[in-house]
Amino acid sequence: MTTQPAATTGGAAVDVGGVAAQRGPSDAKAARRERLAVLAHSKTFIAGSVILGIWIFCAIFGYVIAPYDPLKTDPINALLAPSSSHLFGTDTLGRDVFSRVIVGARDILIVAPLATLLGTVLGTALGLITGYFRGPVDDILSRIIDTFLAVPVVIVGLLALVALGPSKLTVIIVIGIVFTPVIARTVRAAVLSERDLEYVAAARLRNEKTRYILFAEILPNVLGPVIVEFTVRLGYAIFTIATLSFLGFGIQPPAPDWGLQIFEHYGLISGGYWWPVVFPALAIASLVVGVNLVSDGLSQAFER
Amino acid sequence: MTGAAPTETSPQQETAPALELNDLEVEYRVRGIWRRVLRGVSFEIAQGESYGLVGESGCGKSTAAFAALRYLPRNGRVSGGSINLGGHDLIAMTGEEVRKLRIKTVSMVYQNPGSALNPSIKIGDQVAEVYRLMGVGDDEATERAQEMLGKVRMSDPARVMERYPHQLSGGMNQRVVIAMALASDPTLLILDEPTTGLDATVEGEVLDLVNGLRAEFGTSLLFISHNLGVIGKMCDRMGVLYAGRLVEEGRVQEVFENPRHPYTVGLLRCIPRGGVRKDQQRLDTIAGFLPGLGAELPGCVFADRCGLMKALGSEERCQGTEPPMHELGGGHGARCHFHEQAQTLPRVIEPVPAPRAASDKNAVPVLRAENVRKTFHQEGHAVHALADVEFALAPGETLGLVGESGSGKTTLARTLLGLTEADEGSVVELDGTPLASVIAKRKGEQVRALQIVFQNPDSALNRRFSIHRIIARALTTLIGLSGEPRESRLRELAHSVRFDVRLIGARPAQLSGGLKQRVAIARAFAGDPQVVVCDEPTSALDVSVQAAILNLLVELQGEKGVAYLFISHDLGVVRYVSDRIAVLYLGRLMELGGAETVFEPPQHPYTEALLSAVATAEGAERPRIRLEGEIPSAAEPPSGCVFHTRCPRYLGAICEEQEPPLEEVEPGHFMRCHIPVDELRTIQQSPPPPRPDRARSPDAAAQ
Amino acid sequence: RPDVAKVSPPQTKPPKPGGTIRAGIVAPAAAIDPIKISDEGGLAVLAMTGQFLVFSDRHLVLHPVIATSWTHNHDGSVWTFKIRRGVRFTDGTAMSAEDVAATFNRLADPKVGSNSLSTFAGVLSKGNTQALDPETVRFKLDAPNGNFPHIVSSDNYNAIILPRDYSGNWQSTFIGTGPWKLQNFTPEVGVTYVRNPHYWGPPAVADTSELKFYAQEQAAVLGLQGNQVDVLPHYSVAGGRALLTDPAIRTTQFHSAAYREIHLRCDKEPFTDKRVRQAMALLADRRGMVEGLLATKSDYGNDSPFAPIYPSTVKSVAQRQRDVAKAKELLSAAGKSGGFSVPVNTSNDFELPDLAQVLQDNVLVAGIRLNITVSDLGTYYGSSTFGTSPWLDSVVGITDYGHRGVPNVTLDATLTTKGPWNAAHFRNPTYDKLVASYIAALDLHAQRRYARQIQELLLDESPLIIPYFYYFLTGAHNNISGEYSTAMGQVDVSRAGAV
Amino acid sequence: MARFIGKRLALGLITLFLLSIFVFFGSQVLPGDVGRRVLGPFATPGAVKALNHQLGTDRSVISQYLSWIGGFLHGDLGKSVTGQSVSGIVGPALLKSAALALLAFIIVVPLAIAGGVFAALHEGRLSDRFISVGGLSATSVPDFVWAVLLILVFALWIGVLPATAQAPPGAGFFTQVEYLILPALCLVFVLFGYIARMARAGTIEALDADYSRTALIKGLPYRSVVFKHVLRNSLLPTIAVVATQVGYLIGGLVAIELVFNYQGIGQALFRAAQQKDFPVLESAVLIVGIVYLVATLLADIAYSVLNPRIRYGSET
Ligand SMILES: Nc1ncnc2c1ncn2[C@@H]1O[C@H](COP(=O)(O)OP(=O)(O)OP(=O)(O)O)[C@@H](O)[C@H]1O
Ligand SMILES: Nc1ncnc2c1ncn2[C@@H]1O[C@H](COP(=O)(O)OP(=O)(O)OP(=O)(O)O)[C@@H](O)[C@H]1O
Ligand SMILES: [Mg+2]
Ligand SMILES: [Mg+2]
């Protein structure tokens, strides 16, 4: 789009060299439309969305569509093999595995994103601060971050949950905090390359408060890496939460959490009772694959 | 092309042009759509000829160059036309044949020498690789590589062979790349902006080298540049590319003197030539923008921006039919229906200079610096970026600041602004009041009064904010406006920088570089500053946009009486806008005085060297003074006069032992040199003799 | 009554001598010190090289080992044991009555802090065991006790006979008088043994034997299935259900007095009202628990520690069964017809979390909502003192109680007013008196009289729900015979080998 | 270089010191009482008290810390609350973890690098999508899920590999490797995506770099460009990624080690945390931290040795 200037000042000829948008807003809209088209044609993205969509649907409507009450025990009918009445069989307490797998989507899809969000928020704040300030603040916080990174996430999470006692809330808090240093590191790297850009100098030249510079000026510019980090961490959050549940320190019974179901039944597979283990395992696997397909499709669309 | 193996010398090859493009069409696939980049480009380069290609950024110069090697990005394709390289039809060839051709017949040098070399392979191996590809044995390859490095005037080639690219300076790296390119003695050498990232002094050196080698090897050149001066210096013939179409072609001199396409005419009018100054003439610009990638352009590609078309009212013809290449004799041609009238292209800007507010030389300086020092501490080294800088800036005045890269220009700017804390003892005064050395401790008044326009508008504007938010925020924080008063002030401001308020909601990424720079200027002027520092405000912009921005700055100065500290390495630009000029070398002021006093004629040996390195579009050149060696590191500045290691007028021991003071050699003219000013003016008439103390090779100084 | 039920046909062929016999156990929780040990892994290791005065078999029948015979005075306050001659320790030194006396004086010494102190409390004090001659030991009890031989039998797993000069660090020698001698011990991995050349009895069938440690029951089960071990002396249904259907594995099962206790805090709302407690007990679906959770591998419990296996248990006391209607009636009588919600604590072991979930589901019909918290074992028990232990402080808690030769300790400690493990906070003077009488009763007839009263009282008061007494399960490969394990968790592989 | 290593070592020591403090005071919050955990719920309070006194856990927190750290610095890791020497628990566990990690690395590193480079060379094609997305998905499927599935398939259905990782005592080298294959395979699944992604990104970046263009324009065949010019630059960042994974392998494998009954350092940590076995916990965490820091330091050194830009610094 080209616009002609109408202004003249002080008798001087109008400077027209440059009053037009090179790529006007309408062009940006076109780019967005094209990007959507790419997404719509990306097989991986569609496959991922379908898988993710199914699980989100299960998370929301699980209790409605599940054929049985996922918590209803029927010990007499424990460990029935998959059949037409119990598609995925029953578990040691005679609960319908199919229903538990469907409803199990809810906990993980609440806990994992919330934990990741918490970690992202804290990590972003920490990353902004350590990246923007040099000197002691950065040094001290970086050492603490390093300290956390030196020990495997599962161990830190485990210790914290043993201390705090496991519950959904503590799992969210613990995973959030455990992820904070990792995210902080990524954000810090992004901030390091932003802090020397001139728009930050321009803000300082208006004597803006540091808080404003960090959160209003720099933050929006590192949101890209932050969002990418969020999607990547989401996958690991599912990983970690499932692992903690598997170790008995995550989501608590009788919740139909997938990791917990595997924990409760994995000893049985050697007895031929594979169904209470394999179906939740496939559920976890398909969920993470779905998440990855979607994020891969998104990054494809934004790359081109 | 009849299947003759490209490695053999066929009879055709002797006479065939080095390169011939015929109706070349190239497309890039972007977001799933093939978009045209080159539109039927045809030109040929004769054996031994040097051909220049100019045009603004994005018009397809590099694409043409890579197409000549049949090297296109993965998303690119040749969709029509032919490429003939030394008589071989490139398009018909197999990949293997093209590869063989690349070994022997054609080479390329491109912009960033640092990244063109593999960072983890020794220089020697990279150069020798070319010989090995030609089938030369290992030992001989190494030998010949060393020989070649000598030919590009690399001192101590044996040592350079053992080094890695990061251990060499940009200029030296570019010489290595050139050595590599010429190693196979190609018939065609393509140079795509080979000096764009380099300092003027280094650029001069590299261009000299290319010219010398070309004569020696008899190579044909395809030389791409957006700098008309460089083209003038390097080329026999030139082509002007616009939106993927060659709009004018001819002998360089002819095109410069008698341009026949409105685009060429406009381009030539944009650059400050022949020492024009802001109070003599305003620069012309070209309105509008390059059409987007792959745009449908049934008529003349330039029609949209063509002032001539508007003046003639020939929209129908110009936008409807594609003009043919009109032959004008002597190989000169232009694609314009009205090429005879091209030079009557109406000016976009009246040449009348903008009115100036009277500046009172005797008034209290609005900004005064004294003893400004800045020492960085880097991994245990002290880097003395600024040493004892002092100057005064009168209200409404422009002080130009020049110097090679790393001389401390930006550091000085940031120190004045309080972004970088000056060393203890430095004095910066605003209106006679001393300023705190960090911005956070300065008063609101003072913060407002001193603002800056940065070099790169992309990073200077927060890319997540709308233009409205960027300017409004400055208005709020600097002068505390809000609500309706702020909005009206904002519109006023946008108006005064000629920014269309309809675009106020856009994001920076949606604007062109020139528009972004206008926003940055508006932001700097939001608080009615007294002094604005302009740190290379136009070096990221195309020439036509540069002209517009310079005009705007000059106009704003006239309206508001603001003083500028104008930093640039483009001496033409500095000369155009500045009242006085300061020359910085290794953090020290070498010279300071009125613009004409300093430049016409140059007196200080360093100023002299700087000026002589510049290639101007007029082609008229003063004898080149070669500045020997690299700029010394600010961490270990040379003893005595810091310039003595490279000084063409080096006197002797005194220069190495005593640092000359900055003396006022005539009223308002300061200089730092052991040679008296009168003597300097005299010896300036003749080129310097070779330095007696330089038995050592020139590069030794750098290492 | 069926004393030993075989799941799969027993291996009747005798084992061939030679080779190695390997058993898998859950790794000992602590350093193996005979005086201190209290976990199943540890006591299994003790019993490999150590021996007791008397061996208490699966039916609680006593057999002479180090002691050849025993007699008591008229009121059962002085017991005299004849000690076997020719017994040598694994290091070759001879064992005599002095060593036996030293062993029990050590266990009864409050300063040593042995794990048996709670068993000996009020029964045997330090210094009251005396070697009369090399073959005779005399115990002077604090009070008459008809069951004293049980207390010095293998049921008191700490009571292996050690040299008189034993000074700790058992782990370096594994000294004892049994058929095996330590060859090599690797913490966390296991122990290998060779035949004890000084053994007084018939030499072991296999040349060598091995105890392999597993971090977890599941791993041990896989180890048995994967043929890393020949025998799994003990597995639970929760952890080893896979073995029940494995055709290569032969499971031996026998009754035990081990049970899971569901306590209801009698001093906390809503369980201050016994009708509410009764309703809870009536809502528990024992059949579902036994047939589902335990795959029928258990006896029904009747809400008292009196296991069917005890001779004193009165079986004619009516078995409590699920009765939802009656439970609802009781609840509405107690003003709780709308139900209530209450937290449940348990530890992450065996089928305890499952039991919690089944109970949660069982009581839901009456509107009772249980909020389950599952913690690890250490957290659940906390400091095991009132006020700082989820086990003892929770309103409802589910706790594991191991097998005991006699119910004395559980009757006393878990329910009497002063009982240190009285998680139900049950305070009933009648009950306290009944328990004292029961313990003092010398003959079975008298014991049964008190037992009936206790059983009926507990059914009425319902401070505990004890839904089942699970069977003790031993797994072994089909080609192995001769292994013998006890409900304490000890395993004797000296007569075992491949057929 | 020496300066760089010295600085990194100093920073590492600070990190370890902080780590020891965190673990120590963190473990004080763990519920329960040490003596009680050892002796079990039914031991008499007197016995618990005696044990606590014997273990020194009744002393003040600071004095416990000081005596522990003093011992640690002298190479004496002290005794576990279970009476075993801590080095006797942690040492073998560390060795086992190292063996498993080594086997996993031997399989996964070449595989993942080859996969990543292959994907980069076929960027955007189906094979690239398959490797990238497949690898990433395999990476985010929890390790124990892989463990369970692999046991089911290879140990129980096909029956070719043992279901546990602990080879019988005295087993030969190949038997030991055989026992480790399934757990190592789980790790291969988990690590493949990470390493391949890094190798792919590095290779794509190097392929797009100007110097690759220079080499191609010189007339170098594509294969030589890849092998001579691209890989030596593109694989450098992969080293760092491999090193950070050491942290996960040594100590982070709690679930896998549990499933396969492998007494690695993860198990040791898990048990120590559950039993509040402070001496083991603290030493194991510190050792895991040391291993991690040493691995990343070695990676940095390797990186700088292989990277002339760092090796020589800039001299001009
Ligand atoms: N690989 C590519 N894919 C898509 N578009 C491209 C690609 N390379 C270049 N372009 C676009 O094609 C146009 C011509 O690019 P080219 O690099 O040839 O211009 P140029 O004249 O060399 O510009 P400059 O002076 O900035 O180097 C530009 O608009 C550019 O954005
Ligand atoms: N933050 C910093 N830390 C250390 N050294 C610095 C820093 N900023 C600049 N320098 C050094 O100070 C000297 C002057 O740099 P400055 O950027 O001011 O030069 P310049 O004249 O603006 O160069 P250019 O023309 O390339 O912009 C250089 O040697 C540079 O390396
Ligand atoms: Mg270009
Ligand atoms: Mg600069």
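The rules we used
Residues numbered from 1 in each chain as written. Chains lettered and ligands numbered in written order. Predicted model: local features only at pLDDT ≥ 70, side-chain atom pairs only at ≥ 80, totals over all residues. Heavy atoms only, no water. Helix = DSSP H or I, 4+ residues; strand = E, 2+ residues; numbered from the N terminus. Rg over C-alpha atoms; globule rule 2.2 N^0.38 Å. Buried < 20%, exposed > 50% of the residue type's maximum accessible area, 1.4 Å probe, protein only. Contact = heavy atoms within 4.5 Å. Lys, Arg positive; Asp, Glu negative; His and termini not counted. Charge placed at Lys NZ, Arg CZ, Asp CG, Glu CD. 1 Å grid on protein atoms, 1.4 Å probe; cavity = no way out; pocket = protein on both sides within 12 Å on 5 of 7 lines; lining within 4 Å. Points joined across faces, edges and corners; volume = space filled by probe spheres on them. Nonpolar A, V, L, I, M, F, W, Y, C, P; charged D, E, K, R; others polar. Pairing = 2+ DSSP bridges. Phe/Tyr/Trp six-rings, centres within 6.5 Å; stacked < 30°, edge-to-face > 60°. Near = heavy atom within 4 Å. Polar contact = N/O pair within 3.5 Å; in protein donor to acceptor, adjacent residues only side chain to side chain. Areas by Shrake-Rupley, 256 points an atom, 1.4 Å probe, with all protein chains shown as cover. Buried area = accessible area lost by both parts, 1.4 Å probe. Salt bridge = Lys/Arg side-chain N within 4 Å of Asp/Glu carboxyl O.

1. Focus: the overall build of chain B
Helix and strand content of chain B: 26 helices and 24 strands. On C-alpha atoms alone, chain B measures out to a radius of gyration of 27 Å, which is about the 27 Å that the 2.2 N^0.38 rule sets for 703 residues. When each of the 703 residues of chain B is scored for burial, the buried share is 59%. The long-range share in chain B, meaning contacts at least 24 apart out of those at least 6 apart in sequence, stands at 68%. The distance from the centre of the 75 positive side-chain charges to the centre of the 89 negative ones in chain B is 6 Å.

2. Details of empty space enclosed by the protein
If you walk through the whole model with that rule in mind, you get 16 cavities of 30 Å³ or more. What lines the largest cavity is a set of 20 residues, among which Glu188(C), Thr82(D), Gln84(D), Ile89(D) and Arg271(D) lie closest to the centre. Counted as a void, the second largest cavity has a volume near 130 Å³. For the second largest cavity, the lining is made up of 14 residues, of which Ser107(B), Met108(B), Met180(B), Ala181(B) and Lys218(D) are closest to its centre. The class makeup of the residues in the lining of the second largest cavity is 9 nonpolar, 3 polar and 2 charged.

3. Things to note about the sheet that holds strand β11 (residues 326–327) of chain B
Residues and elements named next belong to chain B. Pairing is mixed across the open sheet formed by 8 strands, whose spatial order is β6-β7-β8-β3-β9-β10-β12-β11. A single partner strand is all that each edge strand has here, and the edge strands are β6 (106–110) and β11. One ladder, built from 5 bridges, connects β6 with strand β7 (residues 188–192); its direction is parallel. Bridging from a neighbouring strand, Val 106 pairs with Leu 188 of β7.

4. Digging into the packing of aromatic side chains
Residue and element names in this part refer to chain D. For the coordinates displayed, the defined rule picks out 50 aromatic pairs over all chains. Residues Tyr 65 and Trp 68 carry aromatic rings whose centres are separated by 6.3 Å and whose planes lie at 40° to one another, so their mutual orientation is tilted. Taken together, the residues Tyr 65 and Trp 68, both in helix α4 (residues 61–73) and 3 residues apart, mark about one turn of the helix. A ring pair is formed by Trp 68 and Phe 72, whose centres lie 5.1 Å apart and whose planes are at 40°; its orientation type is tilted.

5. A few points about the site of ligand 2
Residue and element names in this part refer to chain B. Surrounding ligand 2, one finds 13 residues, the nearest of these being Ser 405, Gly 406, Lys 409, Thr 410 and Thr 411. In this structure, an oxygen atom belonging to ligand 2 sits 2.8 Å away from a main-chain N or O atom of Gly 406. A distance of 2.6 Å separates an oxygen atom of ligand 2 from a polar atom in the side chain of Thr 410. Within the complex, 64% of the 630 Å² of free accessible area of ligand 2 lies under protein. Of the residues forming the shell around ligand 2, the biggest block, 3 residues, is contributed by helix α15 (residues 409–417). Among the residues forming the shell around ligand 2, the class breakdown is 3 nonpolar, 7 polar and 3 charged.

6. Regarding the interface of chain C and chain D
Much of the literature gives interface size as the accessible area that the parts lose upon coming together. Between chain C and chain D, the contact holds 36 residues from the first and 31 residues from the second. Carbon and sulfur atoms supply 56% of the area that chain C and chain D bury against each other, a total of about 2900 Å² over both sides. Remark: the boundary between chain C and chain D carries 0 salt bridges. There are 1 residue pair in polar contact (both at pLDDT 80 or more) connecting chain C and chain D. Among the secondary structure elements, those contributing two or more residues to the side of chain C that touches chain D are α3 (117–120), β11 (208–214), α5 (217–225), α11 (377–381) and β18 (396–401) of chain C. Take the side of chain C that touches chain D: its biggest share by element is 4 residues, from β11(C). Taken together, the residues of the side of chain C that touches chain D break down into 17 nonpolar, 12 polar and 7 charged.

Honestly, that's just the spatial picture; any functional story needs more than this.
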